[in-house]
Amino acid sequence: DGSDYSAAIMGRLLQASSISIWTDVDGVLSADPRRVPHAHVIGEVSYNEAMELAYFGAKVIHPKTMVPAIMCDPQIPIYIRNTFNSSFPGSRIITSSTTHTDRDKCVCGFSSIENMALINVEGTGLVGVQGTAKRLFGTLESIGVSVVLISQASSEHSITFATLAAQADDAKHAIEEEFRRELKQNHISSVDVKAPCSIIAAVGDGMSQTAGVSGRFFTALGDSRINILAISQGCSERNISAVVWQKDSTRALRAVHAAFRLSHTTVYVGLVGMNEIGDSLLKLLEGQRSRLRDAFDIDLQVRAVVEGGPSSDL
């Protein structure tokens, strides 16, 4: 099962004060740095937050590795350190993180799963019929299809779930075979597949204690003109998941990462007409740049300066 899991087992057997996992990254990151350039190392995360991030694609630690440490009494903190940057403190995984103490950073990080398919089973014959969900997911289990996300409205008119895109065709054929009679009688109107999709997940223990988190999450996606195909959230409120088209995945991650001030919002400025007023404005912007970054997470960058002249020269 790997050296990380072995280390966790030995830590539990020896009742160690901590477990250190040495890897090739500085710690648990707020997002994939290959897709979100301003992603940063999270100093502290809870076991639950780490589990959620690991499940949704953050490969720095496997969920199974944390089980021995969680089962101890008291639980053993896990440190994620970088073999190639040993002086860096890394991330500490503990019982309860401090993300909920900062309203603007109640979300500790974002993760995603790529190459997914969204399957929607819809029809009036689903409403109020007992055992439909059992038949649906029992059929998927029988052919080895893993369900990653489930979304269903209270009207029970449709059931939507996400699975790997590679398994979508097999899942669709199996569902159509299982519900052959309902499809023939139009009790189920359609079994639709949308692919390729991505699941974007916001993770943080502090979300359950903070109003407006969902609003900010979906507003960020809407402002970036990203269409949401499905939504899922558990009652623990530790995870909000949205399914989007895969082509929009990177843009979606960057939008929500910036919305929760996990990265700076970059504002580009161009100055036209460098007279005395323009020169004074440029000095003012330079003097306030650090304050804007520290107080408001705004990264102000002057990208163009144009000398004054006739409008035809611009």
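A few points on the structure. (Residues numbered from 1 in each chain as written. Predicted model: local features only at pLDDT ≥ 70, side-chain atom pairs only at ≥ 80, totals over all residues. Heavy atoms only, no water.)

**Topic: the overall build of the protein chain**
Where we set the bar: Counting from the N terminus, the helices are the DSSP runs of H or I reaching at least four residues and the strands are the DSSP runs of E reaching at least two. For each residue, the accessible area found with a 1.4 Å probe, counting protein chains only, is set against the maximum for its type, and the residue is called buried under 20%, exposed over 50%, and partly exposed in between. By definition, residues are in contact when any of their heavy atoms lie within 4.5 Å.
When helices and strands are tallied, the protein chain shows nine helices and 12 strands. Dimensions of the protein chain, computed from C-alpha atoms along their principal axes, come out at roughly 80 × 65 × 35 Å. In the protein chain, which comprises 314 residues, the proportion classed as buried is 39%. Long-range pairs, those at least 24 residues apart, make up 74% of the contacts in the protein chain between residues at least 6 apart in sequence.

**Some words on the pairing of strand β3 (residues 78-82)**
As a reminder of what qualifies: For two strands to pair, DSSP has to find at least two bridges joining them.
Counting buried positions along β3 yields four of five residues, so the element is predominantly enclosed. With five bridges connecting them, strand β1 (residues 19-23) and β3 associate as parallel partners. Each bridged residue has a counterpart across the sheet, and for S20 the counterpart in β3 is Y79. Sheet analysis places β3 next to strand β4 (residues 91-94), joined by three bridges and oriented antiparallel. Directly across from I80, in β4, lies its bridge partner S91.

**A few points about the packing of aromatic side chains**
Worth spelling out the cut-off: Only rings of Phe, Tyr and Trp enter the pairing, Trp through its six-membered ring, and a pair is recorded when the two centres are within 6.5 Å. The plane angle decides the type: under 30 degrees is stacked, over 60 is edge-to-face, the rest tilted.
Counted according to the given criterion, the structure contains four aromatic pairs. Ring centres 6.0 Å apart and planes at 70° place the aromatic pair F137 and F161 in the edge-to-face group. One end of the pair, F137, is in helix α4 (residues 132-142); the other, F161, is in strand β7 (residues 158-164), with 24 residues separating them in the sequence. By relative accessible area, which is 0% here, F161 ends up buried. Pairing F217 with F218 gives two aromatic rings, centres 5.0 Å apart and planes at 80°, and the pair type is edge-to-face. Cluster of aromatic residues (ring-pair linked, three or more members): F110, F217, F218 and F260.

**What about the environment of I78?**
Along the chain, I78 turns up in strand β3. Using a relative accessible area of 1% as the deciding quantity, one classes I78 as buried. When the C-alpha positions of I78 and S91 are compared, they lie 8.2 Å apart, and in sequence the two are 13 residues distant.

**Some thoughts on the sheet that holds β3**
Cut-off, in case you're wondering: A fitted line through C-alpha atoms represents every axis, and for helices the fit uses only the stretch in contact; the resulting angles, taken between N-to-C directions, go from 0 to 180 degrees.
Strand order across the open sheet formed by four strands is β1-β3-β4-β2, with mixed pairing between neighbours. Whereas interior strands pair on both sides, the edge strands pair on one side only; in this sheet they are β1 and β2 (44-46). Between one strand and the next, the sheet's axes are offset by a mean angle of 25°, whatever the strand orientation.

**A word on the pattern of salt bridges**
What counts, and what does not: By convention in these notes, a salt bridge is any Lys or Arg side-chain nitrogen within 4 Å of a carboxyl oxygen on Asp or Glu.
Counted according to the given criterion, the structure contains 11 salt bridges. R251 is the partner of D248 in a salt bridge, and the nearest nitrogen-oxygen pair spans 2.9 Å. On the basis of relative accessibility, which here comes to 7%, the residue D248 falls in the buried class. A cluster of three or more residues bridged by salt bridges with shared partners is formed by R135, E178 and E182.

**Focus on the side chain of S158**
Secondary-structure assignment places S158 in strand β7. If we ignore the near neighbours within four places in the chain, the residues touching S158 are N120, V121, E122, L126, Q152 and A153.

**Notes on helix α2 (residues 47-55)**
As a reminder of what qualifies: It is the directions from the helix axis to the C-beta atoms whose arc is reported.
Where α2 is concerned, the buried positions are Y47, E49, A50, L53 and A54. All buried residues of α2 project into a common sector of 160° when viewed along the axis, lining one side. If you follow the buried residues of α2, they end up packed against β2, α3 (63-71), β3, β4, β5 (109-122) and β8 (190-203).

**Brief notes about the nonpolar core**
The nonpolar side chains of a soluble globular protein tend to be buried with one another. This is how it is decided: Definition of nonpolar core: a set of buried residues of the types Ala, Val, Leu, Ile, Met, Phe, Trp, Tyr and Cys, connected through side-chain atoms within 4.5 Å.
In this structure, V107, F110, I200, V213, F217, L221 and V256 are the most contacted members of the largest nonpolar core, which totals 21 residues. Mapped by element, the contributors of at least two residues to this core are β8, α7 (213-223), β10 (239-245) and α8 (249-259). The element best represented in this core is α7, accounting for four residues. Counting residues in hydrophobic clusters, the runner-up holds 20 residues, among them I42, A50, M66 and I80.

The values reported here are purely geometric and, on their own, carry no functional implication.
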